[in-house]
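As a plain string of letters, each chain reads:
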Amino acid sequence: MYEVGINHVEDSLEHPPSSAAAECQESIDTVRKEGQSGQTQQERRKRKLPSKFPLLNISRNLVLAYQSLGVVYGDLSTSPLYVYRSIFDGKLQDYQTPEAIFGSFSLIFWTITLIPLLKYVFIVLCADDNGEGGSFALYSLLCRHAKFSLLPNQQAADEELSAYRYGYSGQSTSCLQLKRFLEKHKKSRTVLLIIVLLGACMVIGDGVLTPAMSVISSMSGIKAAAEHLSHDGVLFLSCIILVGLFALQHSGTHRVGFLFAPIVIIWLISIMVIGLYNTVVWNPKVVAALSPYYIVKFFRETGKDGWISLGGVLLSVAGTEAMYADLGHFSAFSMRITFAFVVYPCLVIQYMGQAAFLSKNIDSLPNNFYSSIPDRVYWPVFVIATLAAIVGSQSIITATFSIVKQCNALGCFPRVKIVHTSKHKGQIYVPEINWILMILTLVVAIGFQDTTLIGNAYVIKAPQGGWVSLLFSLVLLAVMLVWHYGTRKKYKYDLHNKVPLKWLLGLGPSLGIVRVPGIGLIYSELVTGVPPIFSHFVTNLPAFHNVLVFVCVKSVPVPHVSSDERFLIGRVGPRPYRMYRCIVRYGYKDAQQDDGNFEDLLIQSLAEFIQMEAVEPQLSSSESPSLDGRMAVISMRILHSSSPLIISDEDFVTCSSIQSSKSQTLQSLRSSYEDENPEVRRRRVRFNLPENPGIDPEVRDELLDLVQAKEAGVAYIMGHSYVKARRSSSFWKKLAVDVGYTFLRKNCRGTAVALNIPHISLIEVGMIYHV
């Protein structure tokens, strides 16, 4: 049985998606021969049930738990290198007593227990979006259940996605009131977005500070043992290690995790053994400091200065946010068992051992970690610490990649290259961000040259170094807000300047222009109506292809869209116009790139829709006054099992869409293109119409036109827009649009590059947007 969801796409998008779904939700079940590959939605849900119970897939979770040690917990596990020194630096230098040491350990113990263990492991990791974490995952979850998004491209069809209704569906009265308030007041939705973006920017800011702090802290041990080595020499070695760390990122989370995990395991075992040794040898009474009573004693003794030192205590949980941000790389179950049974006990024992040692050796606070290591194992532990510091930087770098990908998919970050490095969809690599992070990290390391100053960037000490983190976060926030603002203004311009229906219908099937052989794919961000680029093109060049397809590549607020739900196909105008619409939907974790067979899948989807439309009258729009008819979700299983076209493969040829053109000029261009790009080749697919005497003549003619148009070649038509603020706009709007947004558009990846559109088949139409 095949399940095909049919949804009416409204021209107006000003109503909440929930009301549209109530009016437009329809479904049809089409029974075909040999439909063994098709399944109902209920059956698909049953197949997905095992993923909800991690114990049924324990081997996979154990592998992910092993990998998470090398990616997620490296930063958290290397914090013993510098925490005690940071706590007692500054105003607490006059309170370096055994009682204060015990109090600081009690603070560290309860901070680790309450924040990473209780808050993140048991609470925050439960607040996921189909297995994805991070602030943007929560934001997209909110946008699905309420009209919070500032970009008005919601569709009723999106609500039929299998991943759309994830989570608790019930709502309390207070939640409904808050939802109505945010939907009614646009400024409140803007404030919500700013809060989400600011949180993302602060996490990315840690991606600059943490690598420098971890590596410099670990390398300080070599100076303690080799006194002839200058501070500049230590800094130089630290910079070399940082460059090597960022150079490894292209290998991907999968390989890096397997490479780094053994290092973290050895490191955790080492610090646990050293902690036990120091506790037994120096001061076993430190166990009593597990009681919160010692926290009270600490603040009685230190007063206001003790509260200021809490910034150093927070360094013990630096990198904890990576547990949530990296959730999509692994799984909640694997991260829980790793932290609860491995990381947490090792850290507690190590901090306890350091406190026991420092209570008897107060003078060793400036170099607390390395001073507490027994002489016999000093150099092996130093090597492991250096390697662990490198790994410690990995967690926040990986989290940064995840956040940038989510921001980019939701229209809040300029287009960058996203490389999916393994079969696990969440594991990605962003080259541009990686090298920018490396440069900024080197600047921080060379500029501060000391972990104490870098540590000030985490606390209230803004003049002493905290301004770096704040400045970086604000600059990054400004970039995100400017990009989102310009993107939203451009979309609204297209929405309000759509081609009028009467104008299009008045042109007739020929559209008043010459219809040339081939297929024209007109790319636009609009999900309904005909974009202004269409009228702009035909006004300046009165010729268009026999078959026109308005393609919209759209990000929906779900992490992943299955291939069976990716294509949404419909008709634009009456049947003789040969105009269609294809909405390609991606989640914010999906790879938005053409794998070489987009044209073939599109042709098969159009053919399936044409044949389906003849069977289901409610799909037809030839007699409807509406410009957009109903749209059907075309499943890939349907195409593979019962395609209305005969598909045959040929030898490998270039992926250029002019491969079958009969024009001598285009053939020569193809030949030169093949010579210059020998690596861009794929298997060519030919489509033929089967001999079926029972097929409707109109359907057969339309399918024949589609096949012939594909053989003539495919052209990709995109707008090359110049967005400018109106003359009457305010100074700030002109600054944001004319300067900020224009600069970002010129220096980010183009839409054609991001969608992997063949350059030789690309036609760009220049337009000026006065917003």
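Residues numbered from 1 in each chain as written. Predicted model: local features only at pLDDT ≥ 70, side-chain atom pairs only at ≥ 80, totals over all residues. Heavy atoms only, no water.

Draft legend 1. Broad picture of the overall build of the chain. Across its full length, the chain carries 29 helices and 13 strands. Counting across all 771 residues of the chain, residues that qualify as buried make up 56%. For the chain, contacts bridging at least 24 residues in sequence account for 83% of all contacts bridging at least 6. Counting every atom, the chain has about 33100 Å² of accessible surface; 61% of that belongs to carbon and sulfur. (Helix = DSSP H or I, 4+ residues; strand = E, 2+ residues; numbered from the N terminus. Buried < 20%, exposed > 50% of the residue type's maximum accessible area, 1.4 Å probe, protein only. Contact = heavy atoms within 4.5 Å. Areas by Shrake-Rupley, 256 points an atom, 1.4 Å probe, with all protein chains shown as cover.)

Draft legend 2. Inspection of the packing of helix H3 (residues 58-71) against helix H16 (residues 332-360) at higher detail. Put simply, H3 and H16 touch, their axes get as near as 8 Å, and they point 60 degrees apart. By the angle between their axes, H3 is oblique relative to H16. The interaxial crossing formed by H3 with H16 has right-handed handedness. Contacts between H3 and H16 pair Ile-58, Asn-61, Leu-62, Leu-64, Ala-65, Ser-68 and Leu-69 from the former with Phe-333, Ser-334, Ile-337, Thr-338, Val-342 and Val-343 from the latter. Across the contact of H3 with H16, the residue classes break down as 9 nonpolar, 4 polar and no charged. (Axes fitted to C-alpha atoms, helices over the stretch in contact; angles between N-to-C directions. Parallel < 35°, antiparallel > 145°, perpendicular 65-115°, else oblique. Left-handed = near helix turned anticlockwise from the far one by under 90°. Nonpolar A, V, L, I, M, F, W, Y, C, P; charged D, E, K, R; others polar.)

Draft legend 3. Expanded view of the packing of aromatic side chains. Enumeration according to the criterion identifies 24 aromatic pairs in this entry. Residues Trp-483 and Tyr-741 carry aromatic rings whose centres are separated by 5.2 Å and whose planes lie at 40 degrees to one another, so their mutual orientation is tilted. Here Tyr-741 lies in helix H28 (residues 731-747) and Trp-483 lies in helix H21 (residues 462-496), a separation of 258 residues in the sequence. Overall, the relative accessible area of 4% leaves Trp-483 in the buried class. Site record: aromatic cluster; members linked through ring pairs are Trp-267, Phe-369, Tyr-370, Tyr-378, Trp-379 and Phe-382. (Phe/Tyr/Trp six-rings, centres within 6.5 Å; stacked < 30°, edge-to-face > 60°.)

Draft legend 4. Expanded view of H16. Between its first and last C-alpha, H16 extends 41 Å over 29 residues, near the 42 Å set by a 1.5 Å rise per residue. Taken as a whole, H16 carries its principal kink of about 40 degrees at Phe-339. Counting buried positions over the 29 residues of H16 gives 23, a clear majority of the element. (Expected span 1.5 Å × (residues − 1). Bend = angle between axes of the 7 residues up to and from the residue.)

Draft legend 5. Representation of unusual backbone geometry in the model. For Arg-578, which is not a glycine, the phi torsion comes out positive at approximately 55 degrees. Tracing the backbone shows Arg-578 in the loop between strand E7 (567-571) and strand E8 (579-586).

Draft legend 6. Looking closely at the nonpolar core. Judged by nonpolar contacts, the single largest core of 131 residues is most densely connected at Tyr-73, Tyr-84, Phe-105, Phe-136, Trp-267 and Phe-339. Top contributing element to this core by residue count: helix H9 (residues 186-225), with 16 residues. The contacts of Phe-105, once residues within four sequence positions are left out, are Tyr-84, Val-286, Ala-289, Leu-290, Val-348, Tyr-351, Met-352 and Ala-355. Grouped together as the second largest cluster of nonpolar side chains are 38 residues, Ile-519, Ile-569, Ala-607 and Val-714 included. (Core = buried A, V, L, I, M, F, W, Y, C linked by side-chain atoms within 4.5 Å.)

Draft legend 7. Region of interest: the pairing of strand E9 (residues 630-634). Counting buried positions over the 5 residues of E9 gives 4, a clear majority of the element. Examined bridge by bridge, E7 and E9 share 3 bridges and lie antiparallel to one another. Pairing of Leu-568 across the sheet is with Val-633, part of E9. (Pairing = 2+ DSSP bridges.)

Draft legend 8. A look at the pattern of salt bridges. Here the structure, examined in full by the defined rule, presents 9 salt bridges. Arg-575 serves as the salt-bridge partner of Glu-613, at 3.8 Å between the closest nitrogen and oxygen. Residue Glu-613 is located in helix H24 (residues 598-615), and its partner Arg-575 is located in the loop between E7 and E8; the two are separated by 38 residues in the primary sequence. Of the two residues, Glu-613 and Arg-575, neither departs from the other in class, the shared state being buried. Residues participating in the shared-partner salt-bridge network are Arg-571, Arg-575, Glu-613, Glu-698 and Glu-702. (Salt bridge = Lys/Arg side-chain N within 4 Å of Asp/Glu carboxyl O.)

Draft legend 9. Spatial organisation of the confidence of the model for the chain. Counting all residues, the mean pLDDT for the chain is 78, and 79% of those residues have values of 70 or more. When the criterion is pLDDT under 50, residues 621-627 qualifies, and its contacts beyond four places in sequence or with other chains add up to 15 contacts. pLDDT under 50 marks residues 651-662. Its contacts with residues more than four places away, or in other chains, come to 48 contacts. (pLDDT = per-residue confidence, 0-100.)

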